[in-house]
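Reading the structure
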Amino acid sequence: MQTDRQTDAGAWPPRRGPSALHARTLRDTASRWLAAGVPALVVRVADIRGSTPREAGTRMLVPRPGHALDGDIGPALSVQGTIGGGHLEWQAIELAREALRADHAGVLPSAWQKTFPLGPTLGQCCGGVVHLVFEPLTEATVADWSLPPPRFHLELHGAGHVGQAIVHLLADIDCTVRWIDERPGEVPADDAPGLPSPEALAALPAHIQFVSTDAADAEVAEAPAGACHLVLTHRHDLDLRIITAVLRRGDFAFAGLIGSQTKRARFLHRLEEQGLAADVLTRLTCPIGLPGLTGKEPAVIAISVVAQLLQLDV
């Protein structure tokens, strides 16, 4: 049984920074490295055959070993992104590092290609073939760096513990998010236990936008057509106003409301009283999350709900 109560799960620590596992963040990192003069190679999955760990177009950034973003005083930069892990990735990183160590007078190595069969030699039994391109990080490389389309756009209403757990998961997923809450703008941080700190909000990746508002239900009109909506605020009356606005729009891919079967029944009754048609009400998802995955912990609910969103054909 699911609950909409935001149980106390302790303070939410901010991330150390946006995750380079997200494609847009990785490209932004490449742009920063380029502007800072970081010698690096971009390892790109150019082509695949058969079963492989990642799809064509996936990239990874490999800096020269020991190079720091702030010259010699900062920590050495690390590899960013992933082309699938395992021996394939390790070999690709080592090949890139060897080439970067061997460059002369700051001249980056020329681009080259290498094909990797994923068989016994690499200790990976995928059975496919990966064609990698190693290319220097240049303005042209960044200009040619295309991004995958977002898997979905999410309007996430509620910044309590469940909302925060969902945002943690979405930080690494190629999607776009508007995270909406009425409270942080009006409540001092010291008097708002359970809400994200200013530091946590400042550390959000670029594809997640936090919206502090005094009328969360009015924000529904700002959502793009075909959006997914998740409603999990701190008040049932606010939940009702928001989900009513979503259902009245009609042009949504998903309308999810946190709560139990009892809450669902009560909300359906109130929505019927407001004149919403039966065919519209059938599109309401409440409780949210994958059937059969039980648990009231914020992280468990978040995993179940994000998995549900990833199953959508949007």
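As shown above, the structure is provided for reference.
In short, a report on the structure. All of these numbers come straight from a predicted model, not from anything done at the bench.

**Side note on the nonpolar core**
- Counting residues in hydrophobic clusters, the biggest one holds 28 residues, and the most contacted among them are Leu154, Leu156, Ile166, Leu170 and Leu230.
- Residue assignment for this core shows that the elements contributing at least two residues are strand 6 (153–157), helix 4 (161–170), strand 7 (176–181), strand 8 (208–212), strand 9 (228–231) and helix 9 (298–310).
- In this structure, leucine 170 is in contact with Phe152, Leu154, Cys175, Val177, His207, Ile208 and Val306, ignoring residues within four places of it in sequence.
- Residues Ile243, Leu268, Leu276 and Cys286 belong to the second largest nonpolar core, which totals 21 residues.

**Some thoughts on a nonpolar patch on the surface**
- On the surface, Leu169, Leu293 and Ile303 cluster together into a nonpolar patch covering about 230 Å² of accessible area.
- Along the chain, leucine 293 falls in the loop between strand 11 (284–285) and helix 9.

**Remarks on the layout of surface pockets**
- By volume, the largest pocket is sized at about 540 Å³.
- Across the lining of the largest pocket, the residue classes tally to 11 nonpolar, six polar and six charged.

**Details of unusual backbone geometry**
- Residues cysteine 286 and proline 287 are joined by a peptide bond in cis, for which omega reads 0°.
- Along the chain, the position of proline 287 falls in the loop between strand 11 and helix 9.

**Let's talk about the pairing of strand 9**
- The two faces of strand 9 match: Cys228 and Leu230 on one face and His229 and Val231 on the other face are all buried.
- Judged from the four bridges that link them, strand 6 and strand 9 form a sheet pairing that is parallel. In the sheet register, leucine 156 faces strand 9, and the bridge partner there is leucine 230.
- When strand 9 meets strand 10 (residues 254–257), the two strands line up parallel, connected through four bridges. Bridging across to strand 10, histidine 229 finds its partner in alanine 255.
- In this view, the connection linking strand 9 to its parallel neighbour strand 10 by way of helix 6 (residues 236–249) has right-handed handedness.

**Re the sheet that holds strand 8**
- Taken in spatial order, the six strands make up an open sheet running 8-7-6-9-10-11, and their pairing is parallel. At either margin of the open sheet sits one strand with a lone partner, and together these are strand 8 and strand 11.
- Alignment of strand 10 against strand 11, held across two bridges, turns out to be parallel. In the strand pairing of strand 11, glycine 256 is matched with threonine 285.
- On top of the sheet, helix 4 reaches strand 6, strand 7, strand 8 and strand 9; it is set at about 155° to strand 6, its chief contact.
- Packing against the sheet, helix 6 makes contact with strand 6, strand 9, strand 10 and strand 11, and its axis sits at approximately 165° to strand 10.

**Here we look at the pattern of salt bridges**
- Counted by the stated rule, this structure contains 10 salt bridges.
- Note that glutamate 135 is salt-bridged to arginine 44, the shortest N-O span being 2.9 Å. Here glutamate 135 is found in strand 5 (residues 129–136), whereas its partner arginine 44 is found in strand 1 (residues 40–49), with 91 residues between them in sequence.
- Judged by its relative accessible area of 15%, glutamate 135 is buried.
- For arginine 101, the salt bridge identified is with glutamate 94, shortest N-O distance 3.4 Å.

**Some thoughts on the packing of helix 4 against helix 9**
- Helix 9 packs onto helix 4 with a crossing angle of 55° between their chain directions and a minimal axis gap of 8 Å. By the criterion of interaxial angle, the relationship of helix 4 to helix 9 is oblique. In terms of crossing hand, the pair formed by helix 4 and helix 9 is right-handed. Across from His161, Val162, Ala165, Ile166, Leu169 and Leu170 in helix 4, the residues of helix 9 making contact are Pro298, Ala299, Ile301, Ala302, Ile303, Val305 and Val306.
- Counted by class, the contact of helix 4 with helix 9 contains 12 nonpolar, one polar and no charged residues.

Cut-offs applied
- Residues numbered from 1 in each chain as written.
- Predicted model: local features only at pLDDT ≥ 70, side-chain atom pairs only at ≥ 80, totals over all residues.
- Heavy atoms only, no water.
- Core = buried A, V, L, I, M, F, W, Y, C linked by side-chain atoms within 4.5 Å.
- Buried < 20%, exposed > 50% of the residue type's maximum accessible area, 1.4 Å probe, protein only.
- Helix = DSSP H or I, 4+ residues; strand = E, 2+ residues; numbered from the N terminus.
- Contact = heavy atoms within 4.5 Å.
- Patch = residues over 30% accessible without salt bridge, like charges linked within 9 Å, V, L, I, M, F, W, Y side chains within 5 Å.
- Areas by Shrake-Rupley, 256 points an atom, 1.4 Å probe, with all protein chains shown as cover.
- Salt bridge = Lys/Arg side-chain N within 4 Å of Asp/Glu carboxyl O.
- 1 Å grid on protein atoms, 1.4 Å probe; cavity = no way out; pocket = protein on both sides within 12 Å on 5 of 7 lines; lining within 4 Å.
- Points joined across faces, edges and corners; volume = space filled by probe spheres on them.
- Nonpolar A, V, L, I, M, F, W, Y, C, P; charged D, E, K, R; others polar.
- Pairing = 2+ DSSP bridges.
- Right-handed = clockwise from strand over helix to strand, strands pointing away.
- Axes fitted to C-alpha atoms, helices over the stretch in contact; angles between N-to-C directions.
- Parallel < 35°, antiparallel > 145°, perpendicular 65-115°, else oblique.
- Left-handed = near helix turned anticlockwise from the far one by under 90°.

This is a description of form; function is not addressed.
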